[in-house]
Amino acid sequence: MCPSCCFYDPETGKEDPSKNGVCSNFLCDSKPGDKVQVTGPSGKVMLLPEDDPKATHIMIATGTGVAPYRGYLRRMFMEDIPTYHFNGLAWLFLGVANTDSLLYDDEFSSYLDKYPDNFRYDRALSREQKNRNGGKMYVQDKIEEYSDEIFKLLDKGAHIYFCGLRGMMPGIQETLKRVAEERGESWDEKLSQLKKNKQWHVEVY
Ligand code: A2P
């Protein structure tokens, strides 16, 4: 174990071994010459399409499902890539239990400061905020809040991604179906069109 891959609680300043990175510590403890087996990437569904740097990417995450988006956002806003100068819109919806469990919040907030025209960031804090029916605030409630904009963006070709708890998908689908019906559209048709156009990306577990 070394300080750079151990987790220190920012409030207490103490090490919290339960949050140490398994992979980073494994690599840190390995010696020069050790053989390391690497696999992946597996599946293409969550690869960031880089063919259009002006595209819109709507990213929905619960908890650790934020991982792929952290990679996308670093690629869009931090890395210097000759073939990909992102100038579209990335919109992250992150659902976690409370403020303390927000992941990479500083990193995402810094993109908001630096790239206000290219990044939006909405948080659903299930155990701190209430939805409009007085229930827990989940990502689908945030989707509903912005449904008008989201549907317009999808109609213009936006990509939408879902990553995190498998259990979030039925609630999200119900919300999208309800919104589509309120707009006089058929969700089943819209969904099959989104899938056909490769705009719909789901990786849940
Ligand atoms: P909660 O646990 O308060 O019900 P986790 O930390 O377990 O990965 O969860 C991440 C976030 O996803 C939490 O805010 C959790 O809320 C929320 N969540 C749990 N079930 C669902 C669901 N069916 N749809 C959307 N969000 C959910």
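Residues numbered from 1 in each chain as written. Predicted model: local features only at pLDDT ≥ 70, side-chain atom pairs only at ≥ 80, totals over all residues. Heavy atoms only, no water.

A. Structural context of the site of the ligand. In the vicinity of the ligand there are 13 residues, among which Val-96, Ser-126, Arg-127, Lys-136 and Tyr-138 approach most closely. Between the ligand and the protein, one listed contact pairs an oxygen atom with a side-chain N or O atom of Ser-126 at 2.7 Å. Within the side chain of Tyr-138, an N or O atom sits 2.5 Å from an oxygen atom of the ligand. In the complex, 71% of the free accessible area of the ligand, which totals 560 Å², lies under the protein chains. Class assignment for the residues of the shell around the ligand results in five nonpolar, six polar and two charged. (Near = heavy atom within 4 Å. Polar contact = N/O pair within 3.5 Å; in protein donor to acceptor, adjacent residues only side chain to side chain. Areas by Shrake-Rupley, 256 points an atom, 1.4 Å probe, with all protein chains shown as cover. Nonpolar A, V, L, I, M, F, W, Y, C, P; charged D, E, K, R; others polar.)

B. Here's a closer look at the packing of aromatic side chains. In this structure the tally under the stated criterion is 18 aromatic pairs. A centroid spacing of 6.2 Å and a plane angle of 40° characterise the contact between Tyr-84 and Phe-86, whose relative ring orientation is tilted. For the pair shown, Tyr-84 and Phe-86 are each scored as buried. A centroid spacing of 6.1 Å and a plane angle of 55° characterise the contact between Phe-93 and Tyr-146, whose relative ring orientation is tilted. (Phe/Tyr/Trp six-rings, centres within 6.5 Å; stacked < 30°, edge-to-face > 60°. Buried < 20%, exposed > 50% of the residue type's maximum accessible area, 1.4 Å probe, protein only.)

C. Expanded view of the UniProt feature "domain: Oxidoreductase FAD/NAD(P)-binding" (unreviewed entry) in the protein chain. The feature "domain: Oxidoreductase FAD/NAD(P)-binding" (unreviewed entry), as annotated in UniProt, sits at residues 59-173 in this numbering. As annotated, residues 59-173 comprises 37% helix and 22% strand, and the C-alpha atoms at either end are separated by 15 Å. (UniProt positions renumbered as here; feature names shortened; annotations may be inferred. Helix = DSSP H or I, 4+ residues; strand = E, 2+ residues; numbered from the N terminus.)

D. Geometry of the nonpolar core. Counting residues in each nonpolar core, the largest one holds 28 residues, and the members touching the most others are Ile-60, Ile-150, Phe-162, Ile-172 and Trp-200. Contributing elements (two or more residues each) for this core: β1 (56-62), β2 (89-96), α4 (139-145), α5 (147-155), β4 (159-164), α6 (168-182), α7 (187-196) and β5 (200-204). Excluding anything up to four places from it in sequence, Ile-172 contacts Ile-60, Val-139, Gln-140, Ile-143 and Phe-162. If you look at the next biggest cluster of nonpolar residues, it comprises 25 residues, including Leu-48, Leu-73, Met-76 and Leu-102. (Core = buried A, V, L, I, M, F, W, Y, C linked by side-chain atoms within 4.5 Å. Contact = heavy atoms within 4.5 Å.)

E. Looking closely at the side chain of Lys-142. For Lys-142, the position within the fold is in helix α4. Apart from residues lying up to four places away in sequence, Lys-142 is in contact with Phe-93, Asp-122, Arg-123, Ala-124 and Met-137.

F. Examining the pairing of β1 more closely. When you tally the buried positions in β1, you get seven out of seven residues, the bulk of the element. In β1, alternate side chains face the same way, and those of Thr-56, Ile-58, Ile-60 and Thr-62 on one face and His-57, Met-59 and Ala-61 on the other are all buried. Pairing between β1 and β2: seven bridges, direction parallel. Bridging from a neighbouring strand, Ala-61 pairs with Leu-94 of β2. What joins β1 to β2 is helix α2 (residues 67-77), and the crossover it makes is right-handed. Here β1 pairs with β4 via five bridges, running parallel. Looking at β4, one finds that Ile-58 is bridged to Ile-160. (Pairing = 2+ DSSP bridges. Right-handed = clockwise from strand over helix to strand, strands pointing away.)

G. Region of the structure containing the packing of α6 against α7. Contact geometry of α6 with α7 gives a least axis separation of 9 Å together with a crossing angle of 115°. Contacts from Gln-173, Leu-176, Lys-177 and Ala-180 of α6 reach α7 at Trp-187, Asp-188 and Leu-191. For the contact of α6 with α7, the residue count by class is four nonpolar, one polar and two charged. (Axes fitted to C-alpha atoms, helices over the stretch in contact; angles between N-to-C directions.)

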